[in-house]
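# Secondary and tertiary structure notes
What follows is the residue order along each chain.
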Amino acid sequence: MSKAFLKAQEYIMEQLQKGVPMVTIQEKMPEFEADGFIINRVYFVGKPIIGMAKNMNVKFDKNFITLVRKFAKFRNLDVEVVGSGIFLKREGEVVAWLREDFFGADEPILFEELGREVYGLHSNHEKKVKSSLTESFLELLADSRSGVRFIAFMFVLSLIAAALAAPFATLPPYMPRWSILLIVPIAVTIILYAAKLYAKSKRVL
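So, here is what we can say about the structure in this document. For clarity, every value in this text was computed on a predicted model and none was experimentally measured. (Residues numbered from 1 in each chain as written. Predicted model: local features only at pLDDT ≥ 70, side-chain atom pairs only at ≥ 80, totals over all residues. Heavy atoms only, no water.)

### Considering the packing of aromatic side chains
Put simply, the test is: Paired rings are identified among Phe, Tyr and Trp, the last through its six-membered ring, by centres lying within 6.5 Å, and are further divided according to the angle between planes into stacked (under 30 degrees), edge-to-face (over 60) and tilted (the rest). In DSSP terms, a helix is any run of H or I states spanning at least four residues, a strand is any run of E spanning at least two, and both are numbered starting from the N terminus. Burial classification: accessible surface area is computed with a 1.4 Å probe over protein chains only, and a residue below 20% of its type maximum counts as buried, one above 50% as exposed, and the rest as partly exposed.
Taken as a whole, this structure holds ten aromatic pairs when the rule is applied. On the numbers, 5.8 Å between centres and 50° between planes, the contact of Y11 with F32 is tilted. One end of the pair, Y11, is in helix 1 (residues 3-17); the other, F32, is in strand 1 (residues 32-34), and 21 residues separate them in sequence. A residue is classified by how much of its surface remains accessible, and F32, at 15% relative accessible area, is buried. On the numbers, 4.6 Å between centres and 20° between planes, the contact of F103 with Y119 is stacked. With a gap of 16 residues between them, F103 in strand 8 (residues 102-105) and Y119 in the loop between helix 4 (108-117) and helix 5 (121-142) connect regions that are remote in the sequence.

### Structural notes on helix 3 (residues 62-74)
As a reminder, the rule being used: To estimate how far a helix should extend, the number of its residues minus one is multiplied by 1.5 Å. As used here, the arc belongs to the directions running from the helix axis to the C-beta atoms. What makes two residues a contact is simply this: any of their non-hydrogen atoms within 4.5 Å. Think of a polar contact as two N or O atoms within 3.5 Å of one another; within protein, one of them needs to be a possible hydrogen donor and the other a possible acceptor, and neighboring residues in sequence only count if both atoms come from side chains.
A rise of 1.5 Å per residue sets the reference length of helix 3, with its 13 residues, at 18 Å; its end C-alpha atoms lie 18 Å apart and thus fit the reference within 8%. Burial in helix 3 covers these residues: F64, I65, V68, F71 and A72. The arc that holds the buried residues of helix 3, viewed along the axis, is 120°, so those residues lie on one side. Facing away from the buried side of helix 3 by over 90 degrees, the exposed positions are K62, N63, K70, K73 and F74. Summarising the contacts, the buried residues of helix 3 are in contact with strand 5 (78-82), strand 6 (85-90), strand 7 (93-98) and helix 4. The N-cap of helix 3, judged by a side-chain oxygen 3.3 Å from the amide nitrogen of N63 a few residues on, is D61. Positive phi appears at N76, one or two residues downstream of helix 3, with a value of about 60°.

### Observations regarding the sheet that holds strand 6
For clarity, the threshold we go by: Two strands pair if DSSP finds at least two bridges between them. The axes used here are C-alpha line fits, helices contributing only the stretch in contact, and every angle between their N-to-C directions lies in the interval 0 to 180 degrees.
Taken in spatial order, the six strands make up an open sheet running 3-4-8-7-6-5, and their pairing is antiparallel. On the outer flanks of this sheet lie strand 3 (41-45) and strand 5, each paired with one strand and no other. If you compare each strand with its neighbour and ignore which way they point, the axes differ by 30° on average. Those strands touched by helix 1 are strand 3, strand 4 (47-53) and strand 8, and its axis lies near 135° from that of strand 4. Packing of helix 4 onto the sheet brings it into contact with strand 4, strand 6, strand 7 and strand 8, and relative to strand 8 it is tilted by some 150°.

Here's what the structure looks like:
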């Protein structure tokens, strides 16, 4: 569940309880960010529609509308296309609003599902995390001492794994069973050493 949405929702409720006009809350909405989601806008369309306003890299066309309709159908929501926006409704009440530069919902789960399934925000966040992990791994290999230690550790670990797997491995008749104790660790070492050279050259560049 989107933590940013929950923070924004709490802020809006506090402002309403203080008697701050809706127009003022809408104009002075601060930004809340967490887990790859940003909340920076609220519209009072019945229930507060809380969401993200930015360039979403989507095009408001037939394909986008079809995607939204499929999304809504799965959740028993009605779809109303008005100008360059789409309203999702439940029993006549607006629960979400989608545009090229904004999407929002009346509750956090729907907001997060829209971001992930319609605007692809969650997948982008995962790619960034995976990319960061890959870069960290390459950085580890590129380091002289840490890289050598890691390769040595993986050599020993693969040797142990090969020894455990040897009795169950199916090998060609001409290959002795003990050969797996050499093949697996050497293959792992060569692959990691090649990755180390690549990481080192990338760091130099």
